[in-house]
Amino acid sequence: MEVKRRTARNLVVKLSSVSEQTRTEALGELRLISKHDPESRSLIADAGAVPYLSETLYGSSPTIQENAAATLLNLSITSRASLMSTRGFLDALSHALSNSPSPSAVQACAATLYSLLIAEESYRPIIGSKRDILYSLLSIITANSAPPPSIKDALKALFGIALYPLNRDSLVGLGAVSALVALIVRDARKGIVEDATAVLAQIAGCEESEESMRRVGGVRVLGDLLDEGTGASERIRENAVVALLNLARCGGEKGRKEVMDMGAKVIEGITDLTKNGSAKGKTKAVELLTIVVDGDWDTKQVRDFRSSDSFDSVNNSI
(Lines give C-alpha, C1' and ligand atoms only; values in the text may rest on other atoms or scores of the structure.)
Protein backbone atom coordinates (compact mmCIF):
# COMPACT_ATOMS: atom_id res chain seq x y z
CA MET A 1 0.00 0.00 0.00
CA GLU A 2 2.86 2.37 0.77
CA VAL A 3 4.23 1.90 -2.73
CA LYS A 4 0.85 2.82 -4.19
CA ARG A 5 0.62 5.87 -1.95
CA ARG A 6 4.07 7.03 -3.00
CA THR A 7 3.24 6.48 -6.67
CA ALA A 8 0.05 8.52 -6.33
CA ARG A 9 1.91 11.37 -4.65
CA ASN A 10 4.62 11.44 -7.29
CA LEU A 11 2.09 11.54 -10.12
CA VAL A 12 0.06 14.30 -8.47
CA VAL A 13 3.23 16.38 -8.01
CA LYS A 14 3.85 16.06 -11.74
CA LEU A 15 0.44 17.59 -12.42
CA SER A 16 1.88 20.94 -11.33
CA SER A 17 4.88 20.66 -13.64
CA VAL A 18 5.60 23.49 -16.10
CA SER A 19 6.11 20.81 -18.77
CA GLU A 20 2.93 19.96 -20.65
CA GLN A 21 4.41 16.61 -21.65
CA THR A 22 5.08 15.73 -18.00
CA ARG A 23 1.52 16.72 -17.04
CA THR A 24 0.06 14.76 -19.94
CA GLU A 25 2.01 11.61 -19.08
CA ALA A 26 1.02 11.88 -15.41
CA LEU A 27 -2.64 12.29 -16.32
CA GLY A 28 -2.50 9.23 -18.55
CA GLU A 29 -1.00 7.15 -15.75
CA LEU A 30 -3.51 8.41 -13.20
CA ARG A 31 -6.34 7.53 -15.54
CA LEU A 32 -5.11 3.96 -15.96
CA ILE A 33 -4.32 3.44 -12.28
CA SER A 34 -7.67 4.81 -11.13
CA LYS A 35 -9.43 2.60 -13.66
CA HIS A 36 -7.70 -0.69 -12.92
CA ASP A 37 -6.77 -0.35 -9.23
CA PRO A 38 -9.71 0.57 -6.97
CA GLU A 39 -7.42 0.78 -3.93
CA SER A 40 -5.46 3.60 -5.52
CA ARG A 41 -8.48 5.88 -6.04
CA SER A 42 -8.61 7.14 -2.48
CA LEU A 43 -4.82 7.48 -2.44
CA ILE A 44 -4.93 9.65 -5.56
CA ALA A 45 -7.67 11.82 -4.06
CA ASP A 46 -5.85 12.11 -0.72
CA ALA A 47 -2.70 13.18 -2.55
CA GLY A 48 -4.55 16.28 -3.74
CA ALA A 49 -5.29 15.35 -7.34
CA VAL A 50 -8.85 16.69 -7.55
CA PRO A 51 -8.02 20.44 -7.72
CA TYR A 52 -5.50 19.78 -10.49
CA LEU A 53 -7.88 17.54 -12.40
CA SER A 54 -10.66 20.10 -12.10
CA GLU A 55 -8.41 22.90 -13.35
CA THR A 56 -7.34 20.73 -16.27
CA LEU A 57 -10.92 20.62 -17.54
CA TYR A 58 -10.49 24.27 -18.55
CA GLY A 59 -7.61 23.38 -20.88
CA SER A 60 -7.73 23.31 -24.65
CA SER A 61 -6.19 19.90 -25.31
CA PRO A 62 -8.87 17.23 -25.97
CA THR A 63 -6.52 14.44 -24.86
CA ILE A 64 -5.67 16.12 -21.58
CA GLN A 65 -9.33 16.89 -20.91
CA GLU A 66 -10.31 13.30 -21.64
CA ASN A 67 -7.75 11.92 -19.21
CA ALA A 68 -8.71 14.38 -16.47
CA ALA A 69 -12.44 13.76 -16.90
CA ALA A 70 -12.01 9.99 -16.98
CA THR A 71 -9.88 10.09 -13.83
CA LEU A 72 -12.50 12.17 -12.02
CA LEU A 73 -15.14 9.66 -13.09
CA ASN A 74 -13.07 6.82 -11.65
CA LEU A 75 -12.53 8.74 -8.39
CA SER A 76 -16.26 9.43 -8.10
CA ILE A 77 -16.82 5.73 -7.45
CA THR A 78 -15.04 5.71 -4.09
CA SER A 79 -13.86 9.26 -3.29
CA ARG A 80 -17.02 11.31 -3.69
CA ALA A 81 -16.44 13.52 -0.67
CA SER A 82 -13.06 14.60 -2.02
CA LEU A 83 -14.66 15.69 -5.27
CA MET A 84 -17.62 17.51 -3.76
CA SER A 85 -15.49 19.30 -1.15
CA THR A 86 -13.12 20.69 -3.77
CA ARG A 87 -13.82 24.32 -4.52
CA GLY A 88 -14.66 24.88 -8.16
CA PHE A 89 -15.13 21.19 -8.97
CA LEU A 90 -18.74 21.51 -10.11
CA ASP A 91 -17.95 24.69 -12.04
CA ALA A 92 -15.20 22.83 -13.88
CA LEU A 93 -17.57 20.03 -14.80
CA SER A 94 -20.08 22.56 -16.06
CA HIS A 95 -17.43 24.28 -18.18
CA ALA A 96 -16.35 21.01 -19.77
CA LEU A 97 -19.94 19.97 -20.45
CA SER A 98 -20.49 23.15 -22.45
CA ASN A 99 -17.09 23.85 -23.96
CA SER A 100 -14.99 20.72 -24.29
CA PRO A 101 -14.05 19.78 -27.86
CA SER A 102 -13.88 16.15 -26.76
CA PRO A 103 -17.12 14.11 -26.77
CA SER A 104 -15.40 11.60 -24.49
CA ALA A 105 -14.65 14.29 -21.92
CA VAL A 106 -18.25 15.54 -22.07
CA GLN A 107 -19.53 12.01 -21.59
CA ALA A 108 -17.21 11.37 -18.63
CA CYS A 109 -18.25 14.62 -16.93
CA ALA A 110 -21.95 13.75 -17.28
CA ALA A 111 -21.25 10.23 -16.01
CA THR A 112 -19.39 11.68 -13.02
CA LEU A 113 -22.45 13.73 -12.10
CA TYR A 114 -24.66 10.65 -12.33
CA SER A 115 -22.23 8.66 -10.19
CA LEU A 116 -22.41 11.32 -7.48
CA LEU A 117 -26.17 11.85 -7.71
CA ILE A 118 -27.09 8.20 -7.47
CA ALA A 119 -24.68 7.34 -4.70
CA GLU A 120 -25.44 10.21 -2.32
CA GLU A 121 -28.87 11.85 -1.91
CA SER A 122 -27.42 14.90 -0.16
CA TYR A 123 -25.61 15.88 -3.36
CA ARG A 124 -28.84 16.20 -5.35
CA PRO A 125 -29.93 19.62 -4.06
CA ILE A 126 -26.34 20.90 -4.32
CA ILE A 127 -25.90 19.86 -7.94
CA GLY A 128 -29.49 20.79 -8.79
CA SER A 129 -28.87 24.35 -7.58
CA LYS A 130 -26.22 24.78 -10.28
CA ARG A 131 -28.40 26.07 -13.10
CA ASP A 132 -25.44 26.18 -15.48
CA ILE A 133 -25.05 22.42 -15.05
CA LEU A 134 -28.73 21.83 -15.72
CA TYR A 135 -28.56 24.06 -18.79
CA SER A 136 -25.45 22.29 -20.07
CA LEU A 137 -27.03 18.85 -19.72
CA LEU A 138 -30.19 20.00 -21.50
CA SER A 139 -28.07 21.52 -24.25
CA ILE A 140 -26.43 18.14 -24.83
CA ILE A 141 -29.73 16.29 -25.31
CA THR A 142 -31.03 18.96 -27.71
CA ALA A 143 -27.87 19.16 -29.84
CA ASN A 144 -28.28 17.41 -33.18
CA SER A 145 -24.55 16.69 -33.30
CA ALA A 146 -24.30 15.11 -29.85
CA PRO A 147 -23.23 11.42 -30.01
CA PRO A 148 -25.55 8.86 -28.41
CA PRO A 149 -23.21 8.04 -25.46
CA SER A 150 -23.10 11.72 -24.46
CA ILE A 151 -26.89 12.00 -24.70
CA LYS A 152 -27.39 8.87 -22.61
CA ASP A 153 -25.03 10.02 -19.86
CA ALA A 154 -26.60 13.49 -19.86
CA LEU A 155 -30.01 11.86 -19.47
CA LYS A 156 -28.73 9.77 -16.58
CA ALA A 157 -27.42 12.87 -14.85
CA LEU A 158 -30.74 14.66 -15.40
CA PHE A 159 -32.52 11.65 -13.95
CA GLY A 160 -30.39 11.82 -10.81
CA ILE A 161 -31.08 15.55 -10.50
CA ALA A 162 -34.83 15.04 -10.97
CA LEU A 163 -34.94 12.49 -8.15
CA TYR A 164 -34.86 15.46 -5.78
CA PRO A 165 -38.38 16.96 -5.96
CA LEU A 166 -37.31 20.59 -5.54
CA ASN A 167 -35.06 20.35 -8.59
CA ARG A 168 -37.96 19.56 -10.92
CA ASP A 169 -39.31 23.10 -11.04
CA SER A 170 -35.86 24.37 -12.07
CA LEU A 171 -35.67 21.80 -14.85
CA VAL A 172 -39.13 22.76 -16.09
CA GLY A 173 -38.15 26.43 -16.07
CA LEU A 174 -35.10 25.69 -18.22
CA GLY A 175 -37.19 23.89 -20.84
CA ALA A 176 -36.59 20.28 -19.84
CA VAL A 177 -40.10 19.11 -20.78
CA SER A 178 -39.93 20.41 -24.33
CA ALA A 179 -36.37 19.11 -24.73
CA LEU A 180 -37.30 15.63 -23.54
CA VAL A 181 -40.50 15.41 -25.57
CA ALA A 182 -38.64 16.54 -28.70
CA LEU A 183 -35.96 13.92 -28.06
CA ILE A 184 -38.57 11.19 -27.60
CA VAL A 185 -40.29 12.15 -30.85
CA ARG A 186 -37.21 12.47 -33.03
CA ASP A 187 -34.83 9.83 -31.67
CA ALA A 188 -35.20 6.12 -32.20
CA ARG A 189 -31.70 5.11 -31.11
CA LYS A 190 -31.53 2.21 -28.70
CA GLY A 191 -31.82 3.17 -25.07
CA ILE A 192 -32.28 6.91 -25.55
CA VAL A 193 -36.08 6.94 -25.59
CA GLU A 194 -36.11 4.63 -22.55
CA ASP A 195 -33.90 7.03 -20.62
CA ALA A 196 -35.71 10.16 -21.84
CA THR A 197 -39.09 8.82 -20.71
CA ALA A 198 -37.63 7.89 -17.33
CA VAL A 199 -36.45 11.48 -16.82
CA LEU A 200 -39.77 12.88 -18.04
CA ALA A 201 -41.62 10.63 -15.60
CA GLN A 202 -39.66 12.17 -12.71
CA ILE A 203 -40.10 15.76 -13.88
CA ALA A 204 -43.85 15.21 -14.34
CA GLY A 205 -43.99 14.86 -10.56
CA CYS A 206 -44.26 18.61 -9.99
CA GLU A 207 -47.13 21.01 -10.45
CA GLU A 208 -45.15 23.25 -12.80
CA SER A 209 -44.80 20.49 -15.40
CA GLU A 210 -48.49 20.57 -16.42
CA GLU A 211 -48.37 23.76 -18.48
CA SER A 212 -45.19 22.73 -20.28
CA MET A 213 -46.59 19.27 -21.02
CA ARG A 214 -49.74 20.81 -22.45
CA ARG A 215 -47.82 23.35 -24.52
CA VAL A 216 -45.65 20.73 -26.27
CA GLY A 217 -48.28 18.00 -26.53
CA GLY A 218 -46.50 15.79 -24.02
CA VAL A 219 -49.62 13.89 -22.95
CA ARG A 220 -50.37 12.99 -26.56
CA VAL A 221 -46.79 11.77 -27.07
CA LEU A 222 -46.95 9.65 -23.92
CA GLY A 223 -50.30 8.28 -25.01
CA ASP A 224 -48.84 7.33 -28.38
CA LEU A 225 -46.10 5.37 -26.62
CA LEU A 226 -48.78 3.27 -24.90
CA ASP A 227 -50.15 2.24 -28.30
CA GLU A 228 -48.80 -1.25 -28.93
CA GLY A 229 -48.71 -0.44 -32.62
CA THR A 230 -45.78 1.92 -32.09
CA GLY A 231 -43.54 -0.96 -31.04
CA ALA A 232 -42.40 0.80 -27.87
CA SER A 233 -40.56 -1.43 -25.42
CA GLU A 234 -42.08 -2.47 -22.12
CA ARG A 235 -39.78 -0.14 -20.28
CA ILE A 236 -40.80 2.82 -22.42
CA ARG A 237 -44.48 2.07 -21.91
CA GLU A 238 -44.04 1.68 -18.16
CA ASN A 239 -42.17 4.99 -18.00
CA ALA A 240 -45.01 6.59 -19.95
CA VAL A 241 -47.49 5.24 -17.42
CA VAL A 242 -45.51 6.67 -14.51
CA ALA A 243 -45.21 10.05 -16.27
CA LEU A 244 -48.95 10.24 -16.86
CA LEU A 245 -49.70 9.09 -13.34
CA ASN A 246 -47.36 11.72 -11.85
CA LEU A 247 -48.92 14.39 -14.06
CA ALA A 248 -52.42 13.40 -12.94
CA ARG A 249 -51.36 13.50 -9.31
CA CYS A 250 -49.25 16.65 -9.32
CA GLY A 251 -50.54 18.70 -12.24
CA GLY A 252 -53.72 19.79 -10.51
CA GLU A 253 -57.17 19.55 -12.05
CA LYS A 254 -55.89 20.47 -15.51
CA GLY A 255 -53.29 17.72 -15.44
CA ARG A 256 -55.77 15.16 -14.21
CA LYS A 257 -58.30 16.19 -16.84
CA GLU A 258 -55.74 15.93 -19.63
CA VAL A 259 -54.87 12.41 -18.59
CA MET A 260 -58.51 11.41 -18.25
CA ASP A 261 -59.41 12.91 -21.63
CA MET A 262 -57.18 10.38 -23.37
CA GLY A 263 -59.88 7.86 -22.50
CA ALA A 264 -60.21 4.94 -24.87
CA LYS A 265 -56.96 5.82 -26.66
CA VAL A 266 -54.81 4.57 -23.80
CA ILE A 267 -57.01 2.14 -21.89
CA GLU A 268 -55.98 -0.82 -24.04
CA GLY A 269 -52.27 -0.12 -23.65
CA ILE A 270 -52.54 0.46 -19.90
CA THR A 271 -54.64 -2.66 -19.47
CA ASP A 272 -52.01 -4.73 -21.27
CA LEU A 273 -49.39 -3.54 -18.80
CA THR A 274 -51.57 -4.48 -15.83
CA LYS A 275 -51.44 -8.03 -17.16
CA ASN A 276 -48.10 -8.32 -18.91
CA GLY A 277 -45.89 -5.60 -17.46
CA SER A 278 -43.18 -6.05 -14.89
CA ALA A 279 -44.24 -6.72 -11.31
CA LYS A 280 -43.43 -3.14 -10.41
CA GLY A 281 -45.00 -1.65 -13.52
CA LYS A 282 -48.30 -3.37 -12.92
CA THR A 283 -48.91 -1.33 -9.79
CA LYS A 284 -48.65 2.00 -11.57
CA ALA A 285 -50.63 0.76 -14.56
CA VAL A 286 -53.55 -0.16 -12.31
CA GLU A 287 -53.36 3.20 -10.52
CA LEU A 288 -53.36 5.07 -13.83
CA LEU A 289 -56.20 2.95 -15.15
CA THR A 290 -58.28 3.92 -12.14
CA ILE A 291 -57.70 7.61 -12.89
CA VAL A 292 -58.37 7.32 -16.61
CA VAL A 293 -61.68 5.53 -16.23
CA ASP A 294 -62.71 7.64 -13.19
CA GLY A 295 -65.87 5.65 -12.70
CA ASP A 296 -66.97 5.95 -16.32
CA TRP A 297 -65.52 2.57 -17.13
CA ASP A 298 -66.19 -0.73 -15.45
CA THR A 299 -63.99 -0.30 -12.37
CA LYS A 300 -64.70 -3.89 -11.40
CA GLN A 301 -61.93 -4.76 -13.89
CA VAL A 302 -59.54 -2.64 -11.86
CA ARG A 303 -60.53 -4.42 -8.67
CA ASP A 304 -60.05 -7.76 -10.43
CA PHE A 305 -56.53 -6.78 -11.43
CA ARG A 306 -55.74 -5.78 -7.86
CA SER A 307 -56.97 -9.07 -6.44
CA SER A 308 -55.30 -11.31 -9.01
CA ASP A 309 -51.80 -9.83 -9.02
CA SER A 310 -49.25 -9.06 -6.34
CA PHE A 311 -47.77 -5.59 -6.79
CA ASP A 312 -44.59 -3.90 -5.75
CA SER A 313 -43.70 -0.24 -5.63
CA VAL A 314 -42.12 1.26 -8.71
CA ASN A 315 -38.68 2.82 -8.43
CA ASN A 316 -37.78 4.28 -11.79
CA SER A 317 -34.21 3.71 -12.78
CA ILE A 318 -31.93 4.24 -15.72
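Residues numbered from 1 in each chain as written. Predicted model: local features only at pLDDT ≥ 70, side-chain atom pairs only at ≥ 80, totals over all residues. Heavy atoms only, no water.

- By the naming in an unreviewed UniProt entry, the protein chain is LRR and NB-ARC domains-containing disease resistance protein, taken from Hibiscus syriacus.

**Thoughts on the packing of helix 2 (residues 20–36) against helix 5 (residues 62–75)**
- Two numbers describe how helix 2 lies on helix 5: the axes approach to 9 Å, and their chain directions differ by 30 degrees. When the axes of helix 2 and helix 5 are compared, the pair comes out roughly parallel. The two elements helix 2 and helix 5 cross, and the hand of that crossing is left-handed. Seen from helix 2, the contacting residues are Glu 20, Thr 24, Leu 27, Gly 28, Leu 30, Arg 31, Ser 34 and Lys 35; seen from helix 5, they are Ile 64, Glu 66, Asn 67, Ala 68, Ala 70, Thr 71, Asn 74 and Leu 75. (Axes fitted to C-alpha atoms, helices over the stretch in contact; angles between N-to-C directions. Helix = DSSP H or I, 4+ residues; strand = E, 2+ residues; numbered from the N terminus. Parallel < 35°, antiparallel > 145°, perpendicular 65-115°, else oblique. Left-handed = near helix turned anticlockwise from the far one by under 90°. Contact = heavy atoms within 4.5 Å.)

**Some details on the pattern of salt bridges**
- What the rule picks out here adds up to 13 salt bridges.
- With its nearest N and O atoms 2.9 Å apart, the salt bridge here joins Glu 210 to Arg 214. Taken together, the residues span about one helical turn, with Glu 210 and Arg 214 both in helix 15 (residues 209–215) at a distance of 4 residues.
- Note on Glu 210: relative accessible area 6%, which makes it buried.
- Residue classification places Arg 214 among the partly exposed residues on the basis of a relative accessible area of 41%. (Salt bridge = Lys/Arg side-chain N within 4 Å of Asp/Glu carboxyl O. Buried < 20%, exposed > 50% of the residue type's maximum accessible area, 1.4 Å probe, protein only.)

**Side note on the UniProt feature "repeat: ARM" (unreviewed entry) in the protein chain**
- According to UniProt, the "repeat: ARM" (unreviewed entry) feature falls on residues 175–218.
- Along residues 175–218 one finds 70% helix and 0% strand; the C-alpha atoms at either end are 13 Å apart. (UniProt positions renumbered as here; feature names shortened; annotations may be inferred.)

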